[in-house]
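# Residue-level structure breakdown
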2 protein chains.
Amino acid sequence: MNPAQNQTRLIALDWGTSSLRAYRLGAQGRVLDLRSLPWGVMQLPEVTTAVAAGVDDKTGFEFAFEQACGDWLRAAPQTPVIAAGMVGSRQGWRETPYLPIPIAIDQIGGSLSTVKTRSGQIVHIVPGLIQSSALPNVMRGEETQVIGALALLDAERNSHTATEADQVLIGLPGTHSKWVQIRRLESQDRITHFDTFMTGELYAALCGHTILGRTMSASDANGDDHAAFDRGVLVAQTPAGRNGLLSTMFSTRTLGLTGALDGVGQREYLSGLLIGHEIAALQTLLKDQAQQPARVMLIGAAALCARYTRALGAVGFDRIDVAAQATERGLWQLALGAGLLRSAAAD
Amino acid sequence: MNPAQNQTRLIALDWGTSSLRAYRLGAQGRVLDLRSLPWGVMQLPEVTTAVAAGVDDKTGFEFAFEQACGDWLRAAPQTPVIAAGMVGSRQGWRETPYLPIPIAIDQIGGSLSTVKTRSGQIVHIVPGLIQSSALPNVMRGEETQVIGALALLDAERNSHTATEADQVLIGLPGTHSKWVQIRRLESQDRITHFDTFMTGELYAALCGHTILGRTMSASDANGDDHAAFDRGVLVAQTPAGRNGLLSTMFSTRTLGLTGALDGVGQREYLSGLLIGHEIAALQTLLKDQAQQPARVMLIGAAALCARYTRALGAVGFDRIDVAAQATERGLWQLALGAGLLRSAAAD
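Here is what the cut-offs are and how they apply
- Residues numbered from 1 in each chain as written.
- Chains lettered and ligands numbered in written order.
- Predicted model: local features only at pLDDT ≥ 70, side-chain atom pairs only at ≥ 80, totals over all residues.
- Heavy atoms only, no water.
- Helix = DSSP H or I, 4+ residues; strand = E, 2+ residues; numbered from the N terminus.
- Rg over C-alpha atoms; globule rule 2.2 N^0.38 Å.
- Buried < 20%, exposed > 50% of the residue type's maximum accessible area, 1.4 Å probe, protein only.
- Contact = heavy atoms within 4.5 Å.
- Areas by Shrake-Rupley, 256 points an atom, 1.4 Å probe, with all protein chains shown as cover.
- Lys, Arg positive; Asp, Glu negative; His and termini not counted.
- Charge placed at Lys NZ, Arg CZ, Asp CG, Glu CD.
- Axes fitted to C-alpha atoms, helices over the stretch in contact; angles between N-to-C directions.
- Parallel < 35°, antiparallel > 145°, perpendicular 65-115°, else oblique.
- Left-handed = near helix turned anticlockwise from the far one by under 90°.
- Nonpolar A, V, L, I, M, F, W, Y, C, P; charged D, E, K, R; others polar.
- Salt bridge = Lys/Arg side-chain N within 4 Å of Asp/Glu carboxyl O.
- Expected span 1.5 Å × (residues − 1).
- Arc of directions from axis to C-beta.
- Pairing = 2+ DSSP bridges.
- Phe/Tyr/Trp six-rings, centres within 6.5 Å; stacked < 30°, edge-to-face > 60°.
- Lys NZ or Arg CZ within 6 Å of the ring centre and 35° of its normal.
- Disulfide = S-S within 2.5 Å.
- Least-squares fit on C-alpha atoms with pLDDT ≥ 70 in both.

As annotated in an unreviewed UniProt entry, chain A is 2-dehydro-3-deoxygalactonokinase from Paraherbaspirillum soli.

Right, dumping it as structure tokens:
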């Protein structure tokens, strides 16, 4: 490899609640190195008093930061550092106020906060977004992934008609699924609306801490039970689904009692049921707003995106893509927009 | 007290998943004695091998039964015994098949199963009910409470017009809330439909095992935060409520983040939010079925019934009563219907 190609241009941190991922990025945002550390904002390393002279409540962040990229910075001292996620929350390293939506995504890179480490390194922190509707909605970290997915889309856009590109719906399934509506106006992508569904966290709580989990089994060697999953997905589309999740979830148990679902089936059915209710709510919302997104892009773990792709297809969405490497692409785009990268480096 | 009034006519057991309540009933079903034991079907006493010669998987039931009412039976050996609840489930003392609905409530007493204890005592077990709809629904124990509430209602009925008595909606809030529709046809009460909502269990799982619970506080000495509860109740009635519970529940967190709800308020808000979604689903259901119940009767713990009464009132239900002693009344009615009580004893 040409040594210049291995030159560090940006250190990008994806710093969430339960984990920290550090990327060393080269020219054009190519990933040169990646480290995954268990030190999320809510589980920072405990620093012993001996190590931490002058310890304060931010010492854990300093220590984790050093472990994540201290050596990279010593090898390339002038490299800019950018971080997104819960690191900017009230419990984070430095609270970075939410920006209100609707917002043009280009504006986000112009609103980074900074924190200076004890060794003098500046870390730029990406703000989250807030939607001040009757029931407020917030995100931290997902805005960066959305920007990454849109950068990927931009690369394809010339081959599409303007109409197709007008509206994009970006789904980020997970603990707290987000669905983000993008509208393109005057060559600018704008985040116009987003919703949160606690699908992943609710699924874990139901399987682990309610009667529904007691008769479930893990998926067996034959893989997942697609029929049970699909059955669950469709419930919210039927008249019985009008009773809402509080009621339909109990059918996980009764379909077990009546012999219609075995232990593996109950687990898959509940997964489908929750995802199905999420998507049905999304359909209602889009209809109420007279929105008809030309395409759906999913960002997330591959297995989970496969579940959502299957469920979306079952209820009539027909153009669904999974966006890879959205986080590191987004951090790169934000650093570019913030002027952190000399243009020579970016090229 | 006249000794005849203290004479045991029926021993009635309310034997659920987590507890066992034993009633000693006298003439006309008056409660003479009540015992509460922690030995639900899923947490029976562990019987040591020394005690349990000839131990089998039913020994825990025998032991708990003896503790609950062995002395009562020795004092009044001919007394009939009836039991309702999970004691009749697959995990119970003797599985008692579900009866299908719609069903006239008088039929239930004619379908009791029996189990004989080692000492020769017959225990009559009340069957649960099943609704074999697309998403099946089951109950065990609630049918007995419904019968008790209807017996209470019967005592008042002469003073009401027939129209008022035609349709009654009975709510049993709790871990798994049930809503039971009753229609009176040719002087017979029939259970025509019922629904289950996992409201209580979901509330506990969300408070105990998700991010929503982390910023909550227990209610303080000033009592509950009614304003936060009411705010939660009304969410499902607003456009934002159309997004469904998976989405609206996240507002418990965001209203905390934005300072609109404190720790106590978040707990009360989530309680109201879940109950409000339950009642909104019930309203949709009643509308779809063109049902308009003349009155609502609630059965359950006083504090919980107070919450539901408040929530039902807030969304427009105007005749709501709480039925007291529904379980013991129901067991007495079922024993009467089954011919277990000599008529002299019943009077």
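The number of helices and strands found in chain A is 13 helices and 15 strands. The C-alpha radius of gyration computed for chain A amounts to 22 Å, which stays within 12% of the reference 20 Å derived for 347 residues, consistent with globular compactness. Along the first, second and third principal axes, the C-alpha set of chain A runs to 65 × 55 × 45 Å. Split into buried and exposed, the 347 residues of chain A put 54% on the buried side. Put simply, 67% of the contacts in chain A that link residues at least 6 apart link residues at least 24 apart. By element, 49% of the accessible surface of chain A is carried by carbon and sulfur atoms, the whole surface being about 14,700 Å². Where the 29 positive side-chain charges of chain A centre and where its 32 negative ones centre are 2 Å apart.

With that settled, consider the packing of helix 7 (residues 226-235) of chain B against helix 11 (residues 302-314) of chain B. Residues and elements named next belong to chain B. As a packed pair, helix 7 and helix 11 sit with axes 10 Å apart at the nearest point and diverge in direction by 55 degrees. In terms of axis orientation, helix 7 runs oblique to helix 11. Two packed elements cross with a definite hand, and for helix 7 against helix 11 that hand is right-handed. In contact with His226, Phe229, Asp230, Val233 and Leu234 of helix 7, helix 11 contributes Arg307, Arg310, Ala311 and Ala314. Residue composition of the contact of helix 7 with helix 11, grouped by class: five nonpolar, one polar and three charged.

Under the counting rule described, the total for this entry stands at 20 salt bridges over all chains. Residues Asp288(B) and Arg242(A) are paired through a salt bridge, measuring 2.8 Å at the closest nitrogen-oxygen approach. One end of the pair, Asp288(B), is in helix 10 (residues 263-288); the other, Arg242(A), is in the loop between helix 7 (226-235) and helix 8 (245-248), on a second chain. Its relative accessible area of 48% is what places Arg242(A) among the partly exposed residues. Here Arg184(B) makes a salt bridge to Asp154(B), at a shortest N to O gap of 3.8 Å. Of this pair, Arg184(B) sits in strand 12 (residues 177-185) while Asp154(B) sits in helix 3 (residues 142-157), and the two are 30 residues apart along the sequence.

Moving on: helix 11 (residues 302-314) of chain A. Residue and element names in this part refer to chain A. The end-to-end C-alpha separation of helix 11 is 18 Å, in line with the 18 Å expected for 13 residues at 1.5 Å each. Residues Cys305, Tyr308, Ala311 and Leu312 constitute the buried set of helix 11. In an axial view of helix 11, the angular spread of the buried residues amounts to 125 degrees, which keeps them on one side of the axis. Exposed residues pointing more than 90 degrees away from the buried face of helix 11 are listed as Ala302 and Ala303. Check the buried side of helix 11 and you find it contacts strand 12 (177-185), helix 5 (199-209), helix 7, helix 10 (263-288), strand 14 (295-298) and strand 15 (320-322). Gly316 sits one or two positions beyond helix 11 and adopts a positive phi of about 110 degrees.

With that out of the way, let us pick up the sheet that holds strand 14 (residues 295-298) of chain B. Residues and elements named next belong to chain B. In space, the six strands of this open sheet follow the order 6-13-12-11-14-15, with mixed pairing throughout. Two strands close off the open sheet at either side, each with one partner strand: strand 6 (103-104) and strand 15 (320-322). Alignment of strand 14 against strand 15, held across three bridges, turns out to be parallel. Opposite Val296, over in strand 15, you have Ile320 as the bridge partner.

A word on the environment of Ala326(B). All names here are of chain B. Secondary-structure assignment places Ala326 in helix 12 (residues 326-337). Its relative accessible area of 4% is what places Ala326 among the buried residues. On a C-alpha basis, the gap between Ala326 and Gly60 in space is 27 Å, while along the polypeptide they are 266 residues apart. When residues no more than four places from it in sequence are discounted, the contact partners of Ala326 are Thr144, Gln145, Gly148, Ala149 and Ile299.

Attention shifts here to the packing of aromatic side chains. All names here are of chain A. Tallied over the full model, the rule gives 10 aromatic pairs over all chains. Site record: aromatic cluster; members linked through ring pairs are Trp15, Phe61, Phe65 and Trp93. The ring centre of Tyr98 lies 4.3 Å from the NZ or CZ of Arg140, which sits over that ring.

Our focus in this paragraph is the state of the cysteines. Residue and element names in this part refer to chain B. Throughout the structure, instances matching the rule amount to zero disulfides over all chains. Its sulfur unpaired, Cys305 is 19 Å from the next cysteine sulfur, which belongs to Cys207. Overall, the relative accessible area of 1% leaves Cys305 in the buried class.

Our next topic: the relation of the copies chain A and chain B. In the superposition of chain A on chain B (RMSD 0.0 Å, axial shift 0.0 Å), the rotation amounts to 180 degrees. When the rotation and shift are considered jointly, the pair of chain copies conforms to a two-fold rotation axis. Among all C-alpha atoms of chain A, that of Ala205(A) lies closest to the rotation axis, at 3.0 Å. The share of interface residues of chain A whose copies in chain B are also at the interface is 100%, consistent with both copies meeting through the same surface.

A separate point is the side chain of Glu268(B). All names here are of chain B. Among the structural elements, Glu268 can be located in helix 10. By relative accessible area, Glu268 is classed as buried at 3%. Each residue touching Glu268, except ones within four places of it in the same chain, is listed here: Ser219, Asp224, Asp225, Ala228, Phe229 and Arg307.

Here we take up unusual backbone geometry. Residues and elements named next belong to chain A. Look at the link from Ile101 to Pro102: it is a cis peptide, with omega at 0 degrees. With respect to the helices and strands, Pro102 occurs in the loop between strand 5 (99-100) and strand 6 (103-104). In this structure, Gln325 is a non-glycine residue whose phi angle is positive, near 50 degrees. With respect to the helices and strands, Gln325 occurs in the loop between strand 15 and helix 12 (326-337).

A few words now on the pairing of strand 11 (residues 167-172) of chain B. All names here are of chain B. The buried fraction of strand 11 amounts to six of the six residues, a majority that puts the element mostly inside the structure. Alternating positions in strand 11 separate into two faces, Gln167, Leu169 and Gly171 on one and Val168, Ile170 and Leu172 on the other, with burial throughout. Note that strand 11 and strand 12 share six bridges and pair antiparallel. Among the inter-strand pairings, Leu169 is bridged to a residue of strand 12, identified as Gln181. Counting the residues between successive antiparallel strands, the hairpin from strand 11 to strand 12 contains four residues. Direction of pairing for strand 11 relative to strand 14: parallel, over a ladder of four bridges. Residue pairing for strand 14: Ile170 is matched across the bridge by Met297.

For the rest of this paragraph, the subject is the pairing of strand 7 (residues 113-116) of chain B. Residues and elements named next belong to chain B. Going residue by residue along strand 7, you find Ser113 and Val115 tucked away on one face and Thr114 and Lys116 left uncovered on the opposite face. Note that strand 7 and strand 8 (residues 122-125) share four bridges and pair antiparallel. Opposite Val115, over in strand 8, you have Val123 as the bridge partner. Where strand 7 folds back on strand 8, the antiparallel hairpin that results is connected by five residues, among which Gly120 adopts a positive phi of roughly 95 degrees.

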